[in-house]
Amino acid sequence: MADQIQVPAAPEVLPEKEQAQWKQTWLKEFKQAQLDHPGDETAQRAIATRIANRALNPDDPESYEQAITLPAWQCISRVEKNGKLFVVVINSKKFAFDVPQAVTRNKEKK
């Protein structure tokens, strides 16, 4: 079939469920781009990929609690050192949060 759409592979960093969502988003946006940019497959693919890749741009954590609960696939690094939690997310943004005293005390007891 000449009109069959070849959906690219989702980024491997994504878990299986998010890869399926990425592919669904890509296909939906590709079809919309076909309507918006008829005859320009390069632009259609670029638009679909750009929008689908927004899944790779997690919300910025605003607190220790948010940073510690980020899914592992969204974090390049998550390290506690000297009373601070340092986090680097997959879009390379870096964050540092004070570790709450209650968490620090619980670790000292162990």
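Structure's up top.
Summary of the structure given here. (Residues numbered from 1 in each chain as written. Predicted model: local features only at pLDDT ≥ 70, side-chain atom pairs only at ≥ 80, totals over all residues. Heavy atoms only, no water.)

**As for the overall build of the protein chain**
A tally of regular secondary structure across the protein chain gives 4 helices and 3 strands. Order of helices (α) and strands (β) in the protein chain, N terminus to C terminus: α-α-α-β-β-β-α. Over its C-alpha trace the protein chain gives a radius of gyration of 20 Å, far above what one expects of a compact globule, namely 13 Å for 110 residues. For the protein chain, the C-alpha atoms occupy an extent of roughly 65 × 20 × 15 Å along the three principal directions. (Helix = DSSP H or I, 4+ residues; strand = E, 2+ residues; numbered from the N terminus. Rg over C-alpha atoms; globule rule 2.2 N^0.38 Å.)

**Regarding the sheet that holds strand 1 (residues 75-81)**
As summarised here, the arrangement of the 3 strands in space is 1-2-3, forming an open sheet in which the pairing is antiparallel. Strands at the two margins of the open sheet, each flanked by one partner only, are strand 1 and strand 3 (94-98). This sheet shows a mean twist of 15° between the axes of neighbouring strands, independent of strand direction. Here strand 2 (residues 84-89) runs beside strand 3; their pairing, made up of 5 bridges, is antiparallel. By the bridge assignment, Val88 is partnered in strand 3 with Lys94. (Pairing = 2+ DSSP bridges. Axes fitted to C-alpha atoms, helices over the stretch in contact; angles between N-to-C directions.)

**Considering the environment of Gln66**
With respect to the element layout, Gln66 can be found in helix 3 (residues 64-68). Residue Gln66 is classed as partly exposed on the basis of its relative accessible area, which comes to 40%. Beyond its immediate stretch of four places on either side in the chain, Gln66 contacts Asp60 and Pro61. Within the structure, the side chain of Gln66 is placed 2.6 Å from the backbone nitrogen of Glu62, a separation counted as a polar contact. (Buried < 20%, exposed > 50% of the residue type's maximum accessible area, 1.4 Å probe, protein only. Contact = heavy atoms within 4.5 Å. Polar contact = N/O pair within 3.5 Å; in protein donor to acceptor, adjacent residues only side chain to side chain.)

**Notes on the nonpolar core**
Counting residues in each nonpolar core, the largest one holds 10 residues, listed as Tyr64, Ala67, Leu70, Cys75, Leu85, Val87, Val89, Phe95, Phe97 and Val99. At the level of elements, helix 3, strand 2 and strand 3 are the ones that each hand at least two residues to this core. Counting residues per element, this core draws most heavily on strand 2, which supplies 3 residues. Residue contacts for Ala67: discarding those within four places in its chain leaves Pro61, Arg78, Leu85, Val87 and Phe97. With 9 residues, the next largest nonpolar core counts Leu14, Ala48, Leu56 and Trp73 among its residues. (Core = buried A, V, L, I, M, F, W, Y, C linked by side-chain atoms within 4.5 Å.)

**Some remarks on the pairing of strand 1**
Of the strand pairs in this sheet, strand 1 and strand 2 are connected by 6 bridges, and their pairing is antiparallel. Looking at strand 2, one finds that Ser77 is bridged to Val88. Between the end of strand 1 and the start of strand 2, which pair antiparallel, lie 2 residues, with Asn82 showing a positive phi angle near 50°.

Read these as geometric descriptors, not functional statements.
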